[in-house]
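Here are the chains, one letter per residue:
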Amino acid sequence: MQQQNGLRHQDYHRYRQYCSRRLHRIRKATKLTNGRERFKKCAIPDDFSLDKVLEIPLVSAERAWAYSAELLGVYAQFIEDKPALRYHGIGRLRKAVRYAQILLAMCRVHCDSRTVMEAEAYESFMSVMLVVQWPWPVEVSFARRSVLEFNLEEFPAALEKLTLANDLYQKLSVLTTSTSEKELKLEKAYYAQMLDSDIAPKLRQCRYYADESHLTERKKESSAAKEGAKASKNQVAILQQIDAVKARGDARGDVMTLAEYYDSTDDNISAAIDGCSEVAGLCQE
């Protein structure tokens, strides 16, 4: 159903709309709607007899994940202009993880061991997505990504979760319950895609960043990127101040003011001296 509703072409907006419609149908069938005229949240009961109730947290998690993917995909294109999209997208991803945890708790009470295994693998994979958030375009440099996106200290925990998900999906690919040959092929193809396309690249990434030597190196790169951004801001401030003094520069007091300005900041001293010398020469002329 995922491939038929947008995910084949990475159309997350269409998939989110499909999840919303399906969630509404499930709530209506189970009589767990959130009010009629006014919104009144209907909690999922602890005891239930319909299997469809288990689909409520599952579809809710899929809808939140699809919205997160949509927002982070737009943010990757406009990384400088729309930083709020990242925070909104990560918030929806956290919500997807919470729904996955609710699904796992419900399955441990009401389902068999194989279903619990599936729910545990799903929850582990969703939790990893909070760290390994989204594939970035090539033009976004690693230093930029490391400053904005990666909390490097979380990668060891993410590696444990992803290893667990990988082991569970490998077991599930063997423990098939399908009776017909067509369903068996579809089930094996699904698990093969999960292992090869979704889990394997993220597993390599987590292993790379979880290594202590790489962790120290990436922290240094992050610090260097932050210092570079700060230096760029300081250079802009220096040039703006020099231009302002050049526009006014007929009094020696302006030169002294500029020197005092550089002394009171942590800007580059050599650049400050060059700027003062240039303005002093202009005033002498």
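All residue numbers refer to position in the chain's written sequence, counted from 1. A pLDDT threshold of at least 70 governs which residues receive local features in this predicted model, and a stricter bar of 80 or more applies before side-chain atom pairs are shown or counted, although totals over entire chains, interfaces and linings include all residues. Heavy atoms throughout the structure, all of them, feed into the side-chain values; hydrogens and water do not.

By the naming in an unreviewed UniProt entry, the chain is Signal recognition particle subunit SRP68, taken from Perkinsus olseni. UniProt positions are given in the numbering used here, feature names are shortened, and annotations may be inferred rather than shown by experiment. Word for word, the UniProt comment on the chain under Sequence similarities (unreviewed entry) is "Belongs to the SRP68 family."

Visitor: Explain the packing of helix H2 (residues 55-77) against helix H3 (residues 84-110) residue by residue, including any values.
Guide: Fitting a line to C-alpha atoms yields each axis, with helices limited to the stretch in contact; the angle taken between N-to-C directions then spans 0 to 180 degrees. Helix and strand definitions here come from DSSP, where helices need a minimum of 4 consecutive H or I residues and strands a minimum of 2 consecutive E residues; each element is numbered from the N-terminal end. Running from amino to carboxyl end, H2 crosses H3 at an angle of 160 degrees, the nearest separation of the two axes being 8 Å. The angle between H2 and H3 falls in the class roughly antiparallel. Note on packing geometry: the crossing formed by H2 with H3 is left-handed. Looking at the contact of H2 with H3, its residues break down into 18 nonpolar, 4 polar and 3 charged. Put simply, angles under 35 degrees are roughly parallel, angles over 145 are roughly antiparallel, angles from 65 to 115 are roughly perpendicular, and the rest are oblique. Crossing handedness is defined as follows: a turn of the near helix away from the far one that is anticlockwise and smaller than a right angle gives a left-handed crossing, while the clockwise case is right-handed. When residue character is reported, Ala, Val, Leu, Ile, Met, Phe, Trp, Tyr, Cys and Pro are called nonpolar, Asp, Glu, Lys and Arg charged, and the others, Gly included, polar.

Visitor: Give me the layout of surface pockets: which residues, what numbers.
Guide: The distinction between a cavity and a pocket rests on a 1 Å grid over the protein atoms alone: a 1.4 Å probe fits inside a cavity but cannot get out, while a pocket stays open yet meets protein on both sides within 12 Å along at least five of seven lines, and a residue with an atom within 4 Å of a point counts as lining. Grid points are joined across faces, edges and corners, and a volume is the space filled by probe spheres set on the points. Taken as a whole, the second largest pocket holds about 230 Å³ of empty space. Every residue lining the second largest pocket is counted, 16 residues in all, and those nearest its centre are Ala43, Ile44, Pro57, Ile102 and Met106. The set of elements that each furnish at least two residues to the lining of the second largest pocket consists of H2 and H3. Ranked by residues supplied to the lining of the second largest pocket, first place goes to H3 with 6 residues.

Visitor: Before we move on, can you summarise the environment of Arg16 with the specific residues and values?
Guide: When you line up the elements, Arg16 lands in helix H1 (residues 12-30). In this structure, the C-alpha to C-alpha distance between Arg16 and Asn5, residues 11 residues apart in sequence, is 8.9 Å.

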